[in-house]
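Structural features, examined
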Amino acid sequence: MTSRAGDTLPVAEISILWLTAGLSCDGDTIAMTAATQPSLEDLLGGALPWTPRVKLYNPFLATEVGDEFVRHFHRGAAGELDPFILVVEGSIPDETNKPEGYWASFGTDPRTGQPILTCDWIDRLAPKAWAVVAAGTCAAYGGIHAMEGNPTGCMGLPDYLGWEWRSAGGIPLVCIPGCPVQPDNMTETLLYLLQQAVGRAPPIPLDEALRPRWLFEQTVHEGCDRGGYYEQGQFADAYGSNFCIVKLGCWGPVVQCNVGKRGWMGGVGGCPNVGGICIGCTMPGFPDKFQPFMDQPPGSLLSSAAVMTYGRAIHALRRFTQASLNKEPSWRGAGRRAQ
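Residues numbered from 1 in each chain as written. Predicted model: local features only at pLDDT ≥ 70, side-chain atom pairs only at ≥ 80, totals over all residues. Heavy atoms only, no water.

Quick look at the overall build of the chain now. In terms of regular secondary structure, the chain is built from 12 helices and seven strands. Overall, the chain is about 100 × 50 × 35 Å in size when its C-alpha atoms are taken along their principal axes. Each of the 339 residues in the chain was classed as buried or not, and the buried ones make up 50%. For the chain, restricting intrachain contacts to residue pairs at least 6 apart in sequence, the fraction spanning at least 24 positions comes to 73%. Accessible surface, the chain: about 16,400 Å² in total, of which carbon and sulfur atoms supply 55%. Seen as two clouds, the 25 positive and the 33 negative side-chain charges of the chain have centres 13 Å apart. (Helix = DSSP H or I, 4+ residues; strand = E, 2+ residues; numbered from the N terminus. Buried < 20%, exposed > 50% of the residue type's maximum accessible area, 1.4 Å probe, protein only. Contact = heavy atoms within 4.5 Å. Areas by Shrake-Rupley, 256 points an atom, 1.4 Å probe, with all protein chains shown as cover. Lys, Arg positive; Asp, Glu negative; His and termini not counted. Charge placed at Lys NZ, Arg CZ, Asp CG, Glu CD.)

Bringing the pairing of strand β3 (residues 84-89) into the picture now. The buried count for β3 comes to six of six residues, which makes it a mostly enclosed element. Both faces of β3 are covered, namely the face carrying Phe84, Leu86 and Val88 and the face carrying Ile85, Val87 and Glu89. Summarising the sheet, strand β1 (residues 13-19) and β3 pair through five bridges and their orientation is parallel. Within the sheet, the bridge partner assigned to Ile16 lies in β3 and is Ile85. (Pairing = 2+ DSSP bridges.)

It is worth spelling out the layout of surface pockets at this point. Considering only enclosed or pocket space, the largest pocket measures out at about 250 Å³ in volume. The class makeup of the residues in the lining of the largest pocket is 14 nonpolar, five polar and no charged. (1 Å grid on protein atoms, 1.4 Å probe; cavity = no way out; pocket = protein on both sides within 12 Å on 5 of 7 lines; lining within 4 Å. Points joined across faces, edges and corners; volume = space filled by probe spheres on them. Nonpolar A, V, L, I, M, F, W, Y, C, P; charged D, E, K, R; others polar.)

Looking now at the confidence of the model for the chain. A residue-level look at the chain finds 91% of positions with pLDDT of 70 or above and a mean pLDDT of 90. Every residue in residues 1-6 is under pLDDT 50, and counting partners more than four places away or in other chains gives 20 contacts. (pLDDT = per-residue confidence, 0-100.)

The sheet built from five strands is open, its strands ordered β2-β1-β3-β6-β7 with parallel pairing. Pairing within the sheet leaves two strands with one partner each, and these edge strands are β2 (53-57) and β7 (174-176). Shown here is a sheet whose adjacent strand axes are inclined to one another by a mean of 20 degrees, direction ignored. Its contacts with the sheet put helix α3 (residues 66-77) on β1, β2 and β3, and the angle it makes with β1 is roughly 110 degrees. Contacting β1 and β3, helix α4 (residues 118-125) crosses the sheet at an angle of about 155 degrees to β1. (Axes fitted to C-alpha atoms, helices over the stretch in contact; angles between N-to-C directions.)

For β1, the tally of buried residues reaches six of seven residues, placing the bulk of the element in the interior. Relative to β2, β1 runs parallel, the two sharing five bridges. Residue pairing across strands places Ile16 opposite Leu56, the latter belonging to β2.

What follows covers helix α7 (residues 183-197). In this model α7 runs 22 Å from its N-terminal to its C-terminal C-alpha over 15 residues, within 8% of the 21 Å that 1.5 Å per residue would give. The buried count for α7 comes to 14 of 15 residues, which makes it a mostly enclosed element. Measuring from the backbone nitrogen of Asp184 back to the side-chain oxygen at the start of α7 gives 2.8 Å, which picks out Gln182 as the cap. Among the residues trailing α7, Gly199 stands out with phi positive, at a value near 80 degrees. (Expected span 1.5 Å × (residues − 1). Polar contact = N/O pair within 3.5 Å; in protein donor to acceptor, adjacent residues only side chain to side chain.)

Inspection of every chain in the model, using the stated rule, returns 11 aromatic pairs. Centroid distance Trp251 to Phe290: 4.9 Å. Interplanar angle 80 degrees. Geometry classified as edge-to-face. With Trp251 in the loop between α9 (227-231) and α10 (259-262) and Phe290 in the loop between α10 and α11 (298-325), this pair connects stretches of sequence that are 39 residues apart. Between the aromatic rings of Phe286 and Phe293, the centroid separation amounts to 6.1 Å while the plane-to-plane angle is 25 degrees, which identifies the pairing as stacked. Take Phe286: its relative accessible area is 4%, and that puts it in the buried class. (Phe/Tyr/Trp six-rings, centres within 6.5 Å; stacked < 30°, edge-to-face > 60°.)

Structure, rendered in structure tokens:
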């Protein structure tokens, strides 16, 4: 294996070491099981053309347990599992900010019987991984656990490894935020990396926050089922309304996320589509910069006030036109009426 990004790997199989030992609820793993485009079963079963087979080592989805399972991570750290993709789930604690103890660990050292810190696993595995993926907002940017005042000092992988860090394959860190991650976003990104590994896709395009660009370049608002109501100046003042919910605290107009367009499972759902406000969970500033969640975003006060004047006028004109279009042209049936 070489160190140039985009190089083809002469392999038919790639391992994925999925480390869930960060500070996390493991929701990203559970969410991924709902993916359909592609499904987890398709990725693992070799059902996708021109894609290497995948061996997934995830503690929640594995049949092996204990030392039998952890040995695969030891093999990866020893360079015996080449090539592999490292996926990290959960935020990374600062193990240097206390006099004793530890915040997070995974497995035990066979020589000492002591816990192996999550940070140590990342230090051992990341330099040998062909690509490294941060699954969910906690791993990407720190998330809920990194709120101001937290005792762990935790952070996302880019802050831990460095925003300019490159893998053994020359690939930047790939962050797939979401709380939890949108299922198809996770599997689609893994599929892209697998296609890149065998030379069937160019280097993965990422934005300034290291997110796959094609998944996060649009805002929630741009794909939201309620977007038309915003344009017409129709805003909900209580939950249960079909109108735009920006005044109830929705950050959709500025948050980069495709859940409004993609839905949650099988194309169905997505926070604002089912009446839930967007709280910005795919953004590096989440959650601190989006609180208090239920208050109207400051920037929307001016924009919503401006659009209400315009929107009401446009909506009235549209209703007038709509009434005309709901009537047949005058010449239809004219002959019968004349009889």
